[in-house]
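# Summary of the model geometry
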Amino acid sequence: MRVPLSWLREYVDLPATETGRDVQARLVSAGLEVERVEQLGADLKGPLVVGQVLTIEELEGFKKPIRFCTVDVGTANGTGEPQEIVCGARNFAVGDKVVVVLPGAVLPGNFAIAARKTYGKTSHGMICSGDELGMGDDGSGGIIVLPPEHEVGTDAIELLELVDEVLDIAVTPDRGYALSMRGVARETATAYGLPLRDPALLDVPGPNAFGPAVRIADPLGCDRFTARTVTGLSPEARSPIWLQRRLQKAGMRPISLAVDITNYVMLELGQPLHAYDRSRIRGTIGVRRAEPGEKLKTLDGAERTLDAEDLVITDDRGPIGLAGVMGGADTEIDDTEGTTTEVVVEAAHFDPISIARTARRHKLASEASKRFERGVDPEAAAAAAQRTVDLLVLLAGGTADAGVTQIVTPSAPHTITIPANHPDKVAGVDYGRETVVRRLQQVGCDVYGQDELIVTVPSWRPDLTDPNDLAEEVIRLEGYENLPSTLPRPPAGLGLTDRQRLHRRVGRALAGAGYVEALNYPFIGTEVLDQFGLEPDDPRRALVKLVNPLSDEEPAMRTTLLPGLLGALRRNDGRGSHDLALFETGLVFRPTGEERKAERLPVDRRPTAEEIARIDAALPRQPRRVAVVLAGAREQTGWWGKGRPANWADAVEAARTVAREAGVELTVRSDRHAPWHPGRCAALYVTVDGEETLVGHAGELHPRVVKALHLPERSCAMEIELDLLERAGGGPLAAPRISTFPVATQDVALVVARDVPAADVEAALREGAGELLESVRLFDVYEGEQLGEGRKSLAYALRFRAADRTLTVDEASAARDAAVVLAGERTGAVLRG
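The paragraphs below set out a description of the structure included in this document. Going along each chain's sequence as written, the residues are numbered from 1 onward. Note on the predicted model: pLDDT of at least 70 is required for a residue's local features to be given, and 80 or more for side-chain atom pairs to be given and counted; whole-chain, interface and lining totals, by contrast, use all residues. Water and hydrogen atoms were dropped before computing side-chain values, which therefore reflect all heavy atoms in the structure.

### Remarks on the side chain of Thr657
Following the sequence through the fold, Thr657 ends up in helix H17 (residues 648-662). Summary of the burial criterion: residues with accessible area below 20% of their type's maximum are buried, those above 50% are exposed, and those between are partly exposed, where the area comes from a 1.4 Å probe applied to protein chains only. When its relative accessible area of 13% is taken as the criterion, Thr657 is described as buried. Under the rule applied, a polar contact is a pair of N or O atoms within 3.5 Å (in protein, one hydrogen donor and one hydrogen acceptor; residues adjacent in sequence only if both atoms are side-chain atoms). A distance of 3.3 Å separates polar atoms of two side chains, one belonging to Thr657 and the other to Arg660. Strands here mean DSSP runs of E at least two residues long; helices mean DSSP runs of H or I at least four residues long; both are numbered from the N terminus.

### Description of the packing of aromatic side chains
Each Phe, Tyr or Trp ring, with Trp reduced to its six-membered ring, pairs with another whose centre is within 6.5 Å; inter-plane angles below 30 degrees give stacked pairs, above 60 give edge-to-face pairs, and intermediate values give tilted ones. What the rule picks out here adds up to six aromatic pairs. Judged by centre distance (4.9 Å) and plane angle (90 degrees), the rings of Phe62 and Tyr119 are edge-to-face. Here the residue Phe62 occupies a position in the loop between strand S3 (48-59) and strand S4 (66-72), and Tyr119 occupies one in the loop between strand S9 (116-118) and strand S10 (121-123), the gap between them amounting to 57 residues. When the centroid spacing of 5.6 Å and the interplanar angle of 75 degrees are considered together, the rings of Trp639 and Trp640 count as edge-to-face. In this pair, the class of Trp639 matches that of Trp640, namely exposed. An aromatic cluster is built from Trp7, Trp242 and Tyr264, whose rings are joined through pairwise contacts. Should the NZ of a Lys or the CZ of an Arg lie within 6 Å of a ring centre and within 35 degrees of the ring normal, that charge is described as sitting over the ring. Here the guanidinium or amino end of Lys121 rests over the ring plane of Phe68, the centre of that ring lying 4.9 Å away. Its end group placed over the ring of Tyr515, Arg634 keeps NZ or CZ at 4.8 Å from the ring centre.

### Observations concerning the pairing of strand S13 (residues 164-170)
The buried fraction of S13 is high, at six of seven residues. By the bridge criterion, three bridges tie strand S1 (residues 2-4) to S13 in an arrangement that is antiparallel. By the bridge assignment for S13, Pro4 is matched with Val166. As paired strands, strand S2 (residues 33-40) and S13 are joined by seven bridges and run antiparallel to one another. Within S13, the residue paired with Gln39 across the bridge is Glu165. Pairing between strands is defined by DSSP: at least two bridges between the two strands are required.

### Some words on the packing of helix H6 (residues 257-269) against helix H9 (residues 381-396)
Axis angle and axis distance: for two packed helices, these are the angle between their axes and the distance between the axes, and together they describe the pair. Relative orientation of the contacting elements H6 and H9 amounts to 140 degrees, with a least axis distance of 10 Å. Between H6 and H9, the angle falls in the class oblique. Between H6 and H9 lies a crossing whose hand is right-handed. Residue-level contacts link Leu257, Ala258, Ile261, Thr262, Tyr264, Val265, Glu268 and Leu269 of H6 to Ala383, Ala384, Arg387, Thr388, Leu391, Leu392, Leu395 and Ala396 of H9. Side-chain classes follow a simple rule in which Ala, Val, Leu, Ile, Met, Phe, Trp, Tyr, Cys and Pro form the nonpolar group, Asp, Glu, Lys and Arg form the charged group, and the remainder, Gly included, forms the polar group. Across the contact of H6 with H9, the residue classes tally to 12 nonpolar, two polar and two charged. Simply put, an axis is a line fit to the C-alpha atoms, just over the touching stretch for a helix, and the angle between two N-to-C directions goes from 0 to 180 degrees. Working definition: roughly parallel below 35 degrees, roughly antiparallel above 145 degrees, roughly perpendicular at 65 to 115 degrees, and oblique for all remaining angles. Should the near helix be turned anticlockwise from the far one by less than a right angle, the crossing is termed left-handed; should it be turned clockwise, right-handed. A contact between two residues is defined here by any heavy atoms of the two lying within 4.5 Å.

### Quick look at helix H12 (residues 467-478)
Taking 1.5 Å of rise per residue, 12 residues should cover 16 Å, and H12 covers 17 Å from first to last C-alpha, within 8% of that figure. For H12, the tally of buried residues reaches nine of 12 residues, placing the bulk of the element in the interior. For H12, the set of buried residues is Pro467, Asp469, Leu470, Ala471, Glu473, Val474, Ile475, Arg476 and Leu477. Two residues or fewer after H12 comes Gly479, characterised by a positive phi angle close to 105 degrees. One fewer than the residue count of a helix, multiplied by 1.5 Å, yields its expected span.

### Remarks on the nonpolar core
If you look at the biggest cluster of nonpolar residues, it comprises 53 residues, and the most contacted ones within it are Val3, Leu8, Val23, Leu27, Val265 and Leu392. Nine residue types can take part in a nonpolar core, namely buried Ala, Val, Leu, Ile, Met, Phe, Trp, Tyr and Cys, and a core is a set of them joined through side-chain atoms within 4.5 Å. Grouped together as the second largest cluster of nonpolar side chains are 33 residues, Tyr515, Ala698, Met718 and Leu725 included.

### Some points on the pairing of S4
Summarising burial for S4: six of the seven residues are buried, a large majority. As defined by bridge partners, S3 adjoins S4 across seven bridges and the pair is classed as antiparallel. Counterpart to Val53 in the pairing with S4 is Val71. Counted between consecutive antiparallel strands, the loop separating S3 from S4 contains six residues, among which Gly61 sits at a positive phi close to 90 degrees. Note that S4 and strand S5 (residues 83-87) share five bridges and pair antiparallel. When the sheet's bridge partners are listed, Arg67 is paired in S5 with Cys87.

### Considering the sheet that holds strand S37 (residues 676-688)
In spatial order, the strands read S28-S32-S33-S39-S38-S37-S36; together these seven strands make up an open sheet with mixed pairing. If you trace the sheet from one side to the other, it starts and ends with strand S28 (516-517) and strand S36 (667-670), each paired once. The sheet strands contacting H17 are strand S33 (624-631), S36, S37, strand S38 (691-701) and strand S39 (716-721), and the helix crosses S39 at an angle near 25 degrees.

Here is the structure:
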């Protein structure tokens, strides 16, 4: 919202010395986001005057039309003689009043004006366009032609209001009232402690039976509709300069008098309006939901196919406007032919959600929809219609019809009960009842009661719905900067949960292993699941859809961490970082099919355990996971030796790193699971509650996935569920046992069938070796002709240690032999050689 300071002063008597910067500071302190103050005309220097064109001579022989003009500027040039000016514009004629800048002046952009010879003539100044004066686009695209009543020699800087300050306010969705001069003026008056001249306080005639016929078929979508008629409009009437300049400063382009007036009133009062050419309306004006497939040509020239949820304005022919968004072309006011002499003014209040959805559905954001979806004061509709009628009568010579149509769906004002000391408790400041009541009254509330206040919320503040909303109003008006800085005092004995501790340990461990954390948005689309090659019945395709997604391409919550991580991998690789190891921990969202609509919890007390349980039951399952992705070199080449690329084994080792932090041992088996390579995919298992449970996968990605996602070749990934690891771990990690006795190492090489998992052999060795075994490590895998077809050799290093003595060679050998025997019984392993 752009707020000219000169316009703001009409409603609040600000001190003459107050600048835009001063007002900005006050409004920012009150909670409005004033992004900047634009200084209009700060570098403009006269003389800039009104002139009248006396003669025009067309100069020949040039590539473009050039005119040599004489212009009467009165005594502004010091001689009273006509000013000779060369100009290339074509949209003015002899006798027109124009804006002339004389030598010695400086235009915006530090453009100094001096007499100069051009096209064989000497030009003593310029005839100006709006762009050259920093006025913005006025729609004409040429020289400013002034109304004939302005005197020659008049100061054009003052006439055109070229010097001003404009506050640019970023209005948040909860403060729709600030999208109007009335709303900003109220905040300014409160910030300065000054009275407000409310422009909506007008004498409005009551409804009668003589107004335009209106029928409301959807009172929930349109709870208020006011219609007024003005006849006898002068087709030649144009918007006066002051009206055009206020629109331009507010960021809108002047179009025609009737349209400019509706835009002006919208900016002034915050109530969007629409003006129809009365001669083009057929029968009764109606408000209803659109029929599926109905067509409407809107003012922007596009023919739109309407949805059954769209709210439309109709007459006997069908839709004539998209309610709250844009009018239809069939009832457009004719500003080219000048044939519109009778206008019907509409001021209505529409359901904000309906307007927001319609605007997004048709990709048709307008100044009207921007206000309706944020909340418009329903009580201002009649005043806005009256203000529009008054301006049409004043500026266009019209006559206000006596008929007034006003349809209102009865509704009680919203009241909130709040303890008088509630803002004190929220802010930790002793404001006192008098301050609370005074601040709420400044907002526009009616307040009754002593210790328990009954607050009636003003109609222009639909965002005030709960006691905490009222507390926020008191706090912001008293000044956020006045809140004391205090540290919270949590009760003793509380700390991180086991889940949180595991989460942090895993993050530290992966960072220590060379991975970089990458946090991604938890949103995905179905396209990436197709690129992953997931089967139609894959559980990861069961998505939780968002009602109002940030992006239409990612309308659902993620069921796996990999899409975000692989996207980060692709972006970094595309920007020159080719050796990558990234990780992320976070929630995934898996619907159970048993979710139900969540209830809304109160904000004036802590929810009960039963209420929290019902909220949890309404949510999808949200397990916490950790994932890593790798590409490029895992070990760099240097003076120390040759490096190596990342491969599937690094992804599996990352899973083991995570499992160690949870205090569990992983069992690794080969598997086929998208999006991994079928020959280089490992399934990860742990024992949970006595049963072997799948907790994740690791390995190299499928080449088709790599190609579809534009990833580096041989990219690898791992994803594992932390919640299951926590359950398998059985509580906090125990400190490792440290023995003072030496270790005894025994190596064994076992020959097994090629399809026997190394994890099964390792498990058998662990169990057979007994309690003396400290660790077992696979250090070599070999396949060759001497082993026979379909056979492989697995070499393990077994470490034995006793807690109370030094082991003898016989003890270590006996434990090794027992391990080999059990491995042979379970997997068919035999000692190599």
